[in-house]
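# Architecture at a glance
These are the residues of each chain, in order.
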Amino acid sequence: MNALRRLYGEHPGHALVLLVSFVPAALALRELLDERPREVATWLIGGAVLHDGLLLPAYVVADAVTVAAWRRRPGRVAWLNFVRIPLAVSGMLLLMFSPTILRQASSYEAKTGRPLDEFAGRWLLVTAILAGISALWYLTRVAVVRRAAPT
């Protein structure tokens, strides 16, 4: 068991759960490739190139800038994750739903009969709610720390 853990780096159960999680993903991919192989391949390759070549370096730089700003003025309550988490969730939502948010999903409108006009506003609303919750949570933490600090 220890040799396996040294070789893999984690508990063998972790490897088992990881391998089992690939089963539904592979089944879904097979179904998609049966329907539209060219579009799915283009989407997978384009997504990998776009994400790994453009987006990943961009948010690594953005995170490095945020960490540098945090280090200059850390405060009693670390505000870093109160900024990171809502931005990361909002960014993931934008990435997943960008065709509808940017009104580029003409097939969605044709298939559902619903307009694309509402998605950008909803994404902005979700982003504002996430930022608001994070800000309230941060202010609550600051108040708790101030109240607990000796005067």
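Residues numbered from 1 in each chain as written. Predicted model: local features only at pLDDT ≥ 70, side-chain atom pairs only at ≥ 80, totals over all residues. Heavy atoms only, no water.

Looking only at helices and strands, one finds six helices and zero strands in the chain. Shown N-terminal to C-terminal, the secondary structure of the chain runs as helices and strands in the order α-α-α-α-α-α. Overall, the chain is about 70 × 55 × 25 Å in size when its C-alpha atoms are taken along their principal axes. Looking at the chain as a whole, 10% of its 151 residues are labelled buried. By sequence separation, contacts in the chain at least 24 residues apart represent 38% of the contacts at least 6 residues apart. As displayed, the chain has an accessible area near 12000 Å², and 69% of this comes from carbon and sulfur atoms. Looking at charge distribution, the chain has the averaged site of its 17 positive side-chain charges lying 18 Å from that of its 10 negative ones. (Helix = DSSP H or I, 4+ residues; strand = E, 2+ residues; numbered from the N terminus. Buried < 20%, exposed > 50% of the residue type's maximum accessible area, 1.4 Å probe, protein only. Contact = heavy atoms within 4.5 Å. Areas by Shrake-Rupley, 256 points an atom, 1.4 Å probe, with all protein chains shown as cover. Lys, Arg positive; Asp, Glu negative; His and termini not counted. Charge placed at Lys NZ, Arg CZ, Asp CG, Glu CD.)

Moving on, we come to the layout of surface pockets. Estimated volume of the largest pocket: approximately 1000 Å³. What lines the largest pocket is a set of 25 residues, and nearest its centre among them are Arg 36, Glu 39, Trp 43, Met 96 and Pro 99. At 10 residues, helix 3 (residues 37–72) tops the list of elements feeding residues into the lining of the largest pocket. When its residues are assigned to classes, the lining of the largest pocket shows 15 nonpolar, six polar and four charged. Roughly 470 Å³ of volume is contained in the second largest pocket. Elements with a contribution of two residues or more to the lining of the second largest pocket: helix 3 and helix 4 (80–101). Among the elements that line the lining of the second largest pocket, the one with the most residues is helix 4, at seven residues. A per-class count over the lining of the second largest pocket returns nine nonpolar, two polar and two charged. (1 Å grid on protein atoms, 1.4 Å probe; cavity = no way out; pocket = protein on both sides within 12 Å on 5 of 7 lines; lining within 4 Å. Points joined across faces, edges and corners; volume = space filled by probe spheres on them. Nonpolar A, V, L, I, M, F, W, Y, C, P; charged D, E, K, R; others polar.)

By secondary structure assignment, the location of Tyr 138 is in helix 6 (residues 117–148). Classification of Tyr 138 as partly exposed rests on a relative accessible area of 22%. Considered as a pair, Tyr 138 and Gly 53 are 85 residues apart in the sequence and their alpha carbons are 34 Å apart. Contact partners of Tyr 138, with chain neighbours within four places excluded, come to Val 77, Ala 78, Trp 79 and Phe 82.

Interpretation note: all reported values are geometric properties and have no functional meaning in isolation.
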